[in-house]
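As a plain string of letters, each chain reads:
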Amino acid sequence: MTTHRIKVMIVDDSAVVRQTLGQIVQSDGQLELVGAHSNPLFAMKALEQVWPDVLVLDVEMPGMDGITFLKTLMKTKPLPVIICSSLTTKGAAMTLEAMAAGAVEIIAKPTAGLKAHLHSIGSEMLIAIKAAAKANMNRVFQRTIADEKNTLIKTAQQLLLSTENVAMQQTTDRIIALGTSTGGTQVLEFICRALPVTVPGIVVVQHMPEAFTRAFAERLDKCSVVTVKEAENNERILPGHVYIANGGLHLQIRRQGAYYYTMLKDGPAVSRHKPSVNVLFDSVASSAGKNAIGVILTGMGDDGARGLLTMRQAGAVTYAQDEHSCVVYGMPKEAVKAGAVQHILPLDQIAEVLAAIRAA
């Protein structure tokens, strides 16, 4: 019986990237390179002859940019797309636009030492491609941001909160911890849009390269009535705030008196990731115990399963996103297998549950 190989197409204006990624793809017997093109116009012609299972796409290219190309694909025949983006401010903004348009994963590339870097992350790229090939594209969101409307709502709700219950801004007895990876950018946007400012402080690990987490937080902040920000070290966690773990650093929490504070720490990757969901969940278990709520969302691998079990054993209420609503049912599946999950819910119900929780 012949095993189907995963068809991969690369679109990048860098000959070095095309050659190096092509070699990486061809080194794995489970993958088949079906094209490596310098711009989307050539790729569109190639797509008339062969349709890949996974597309690896640069976003900054001459002619038709990667974003326009991606949006065109998603409107006609969606397929899993991995964004291979430069570690620049412009690259970060365009990458997040691509994620909002339906891309499922990010691979960062530096502006110098490109070939050596790509070889160093070869195994990571292969894992990402294989996970993307299993993505449920029916669960990938395409959303737009209504900046002005949501800014006005946010201002009004925060003013109401400050005048009605000043004490709520000074302490947070409960805390929510979320962990996600592949497909998580769209899922987090969906959840953040649903949250009121009365929700407890939320700490989040989204597997994402370090150049992109600040821009991602800023994007979520614009479409949410809650405040979303990249976490800073030793800041008090407040209700109505969502703190996104910095790429390249582990996010933990600690409790001092009635307050929770963030802690950012360097160190080795845990469960292949930095930041790691396990590291965050372990700290939430020890610092918040039964006052915590833990949620594991769409993503590949098993990061977060052990930490969520620790949270449950410490008395926290734990949730997992169900298979049907996941882009990749990897992390939730492993958490369920570990006995870490009390409630398995579709994404819309998870958002409803979190929105109903009050800080104190």
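These numbers were taken from a predicted model, which means no experiment stands behind them.

### Some points on the overall build of the protein
Counting its regular elements, the protein contains 14 helices and 14 strands. Burial analysis of the protein (360 residues in total) assigns 56% to the buried set. Across the protein, contacts joining residues at least 24 apart in sequence account for 75% of those joining residues at least 6 apart. In the structure as shown, the protein presents an accessible area of about 14700 Å², 51% of it carried by carbon and sulfur atoms.

### Describing the sheet that holds strand β6 (residues 175-180)
Judged by pairing direction, the sheet is parallel, and its seven strands sit side by side in the order β8-β9-β7-β6-β12-β13-β14 without closing on themselves. At either margin of the open sheet sits one strand with a lone partner, and together these are β8 (227-230) and β14 (343-345). Within this sheet the neighbouring strands show an average axis-to-axis angle of 20°, counted without direction. When strand β7 (residues 201-206) meets strand β9 (residues 241-244), the two strands line up parallel, connected through three bridges. In the strand pairing of β9, Val203 is matched with Tyr243. Taken strand by strand, helix α12 (residues 305-313) contacts β12 (292-296) and β13 (317-321), and its axis lies near 155° from that of β12.

### So, the UniProt feature "active site" (unreviewed entry) in the protein
As recorded in UniProt, the feature "active site" (unreviewed entry) lies at Ser181, His207 and Asp303. A compact arrangement is adopted by the annotated residues: their sequence extent is 123 residues, whereas the largest C-alpha distance between any two is 9.8 Å. Tracing the chain through its elements places His207 in the loop between β7 and α10 (213-222). Given the relative accessible area of 8%, His207 is considered buried. Contacts of His207, omitting those with residues within four sequence positions, involve Thr180, Ser181, His273, Pro275, Val277, Asp303 and Met331. Judged by relative accessible area, Asp303 falls into the buried class, the value being 1%. Setting aside residues no more than four positions away along its own chain, Asp303 makes contact with His207, Val270, Ser271, His273, Pro275, Ser276, Val277, Asn278, Ile296 and Met331. A distance of 2.8 Å separates polar atoms of two side chains, one belonging to Asp303 and the other to His207.

### Observations regarding the sheet that holds strand β5 (residues 105-109)
Pairing is parallel across the open sheet formed by five strands, whose spatial order is β2-β1-β3-β4-β5. The open sheet has two free edges, formed respectively by β2 (31-37) and β5, since each of these has just one partner strand. Averaged over all pairs of adjacent strands, the angle between strand axes in this sheet comes to 20°, irrespective of strand direction. When strand β1 (residues 6-11) meets β2, the two strands line up parallel, connected through six bridges. Bridge pairing links Ile6 to Leu31 in β2. Its contacts with the sheet put helix α1 (residues 15-26) on β1, β2, β3 (54-57), β4 (81-86) and β5, and the angle it makes with β2 is roughly 170°.

### Some points on the side chain of Lys109
Mapping Lys109 onto the fold places it in strand β5. A polar atom in the side chain of Lys109 sits 3.5 Å from the side chain of Asp58.

### Considering the packing of helix α9 (residues 184-194) against α10
For the pair α9 and α10, interaxial distance at closest approach is 9 Å and the crossing angle is 35°. For the element pair α9 and α10, the recorded crossing hand is right-handed. When α9 is examined against α10, the residues Thr185, Leu188, Glu189 and Cys192 are found in contact with a partner set consisting of Phe216, Arg219 and Leu220. In terms of residue class, the contact of α9 with α10 is made up of four nonpolar, one polar and two charged.

### Let's talk about α9
For α9, a buried count of eight out of eleven residues is recorded, marking the element as mostly surrounded by other parts of the structure. Here α9 has its buried residues at Gly184, Thr185, Gln186, Val187, Leu188, Glu189, Ile191 and Cys192.

### Observations concerning the packing of aromatic side chains
Following the criterion strictly, the structure yields one aromatic pair and no others. Summarising the aromatic geometry, the rings of Tyr259 and Tyr261 are spaced 6.5 Å apart at their centres and angled 85° between planes, so their arrangement reads as edge-to-face. Given a relative accessible area of 25%, Tyr259 falls into the partly exposed group. When its relative accessible area of 13% is taken as the criterion, Tyr261 is described as buried.

### Points about the pairing of β13
Among the five residues of β13, four are classified as buried, and the element is accordingly described as predominantly covered. The sheet contact formed by β12 and β13 spans four bridges and is parallel. Bridge pairing links Ile293 to Val317 in β13. Note that the unit made of β12, α12 and β13 has a crossover that is right-handed. Bridge count between β13 and β14: three bridges; the pairing is parallel. Note on β14: the bridge partner recorded for Gln321 is Leu345. Handedness of the crossover joining β13 and β14 through helix α13 (residues 331-337) is recorded here as right-handed.

About the criteria used
- Each chain carries its own residue numbering, running from 1 in the written order of its sequence.
- Side-chain atom pairs in this predicted model are given and counted only at pLDDT of 80 or more, local residue features only at pLDDT of at least 70, and totals for whole chains, interfaces and linings cover all residues.
- Only heavy atoms go into the side-chain values, all of them from the structure, while hydrogens and water stay out.
- Here a helix means four or more residues in a row that DSSP labels H or I, a strand means two or more in a row labelled E, and each is numbered from the N terminus.
- Using a 1.4 Å probe on the protein chains alone, a residue whose accessible area is under 20% of its type maximum counts as buried, one over 50% counts as exposed, and one in between counts as partly exposed.
- Whether two residues are in contact is decided by their heavy atoms: any pair within 4.5 Å suffices.
- Only the protein chains shown count as covering a residue, and every accessible area follows the Shrake-Rupley method with a 1.4 Å probe.
- In short, DSSP must find at least two bridges between two strands for them to pair.
- The angle between two axes is taken between their N-to-C directions and runs from 0 to 180 degrees, where each axis is a line fitted to C-alpha atoms and a helix contributes only its stretch in contact.
- UniProt positions are given in the numbering used here, feature names are shortened, and annotations may be inferred rather than shown by experiment.
- Here a polar contact is taken to be a pair of N or O atoms separated by no more than 3.5 Å, where protein atoms must pair a possible hydrogen donor with a possible acceptor and residues adjacent in sequence count only if both atoms sit in side chains.
- In a left-handed crossing the near helix is turned counterclockwise from the far helix by less than a right angle, and in a right-handed crossing that turn is clockwise.
- Residue type decides the class: Asp, Glu, Lys and Arg count as charged, Ala, Val, Leu, Ile, Met, Phe, Trp, Tyr, Cys and Pro as nonpolar, and the leftover types, Gly among them, as polar.
- Only centres within 6.5 Å qualify two rings of Phe, Tyr or Trp (six-membered ring in Trp) as a pair; their planes then separate them into stacked at under 30 degrees, edge-to-face at over 60, and tilted for everything else.
- If the strands point away from the viewer and the path from the first strand over the helix to the second runs clockwise, then the crossover is right-handed.

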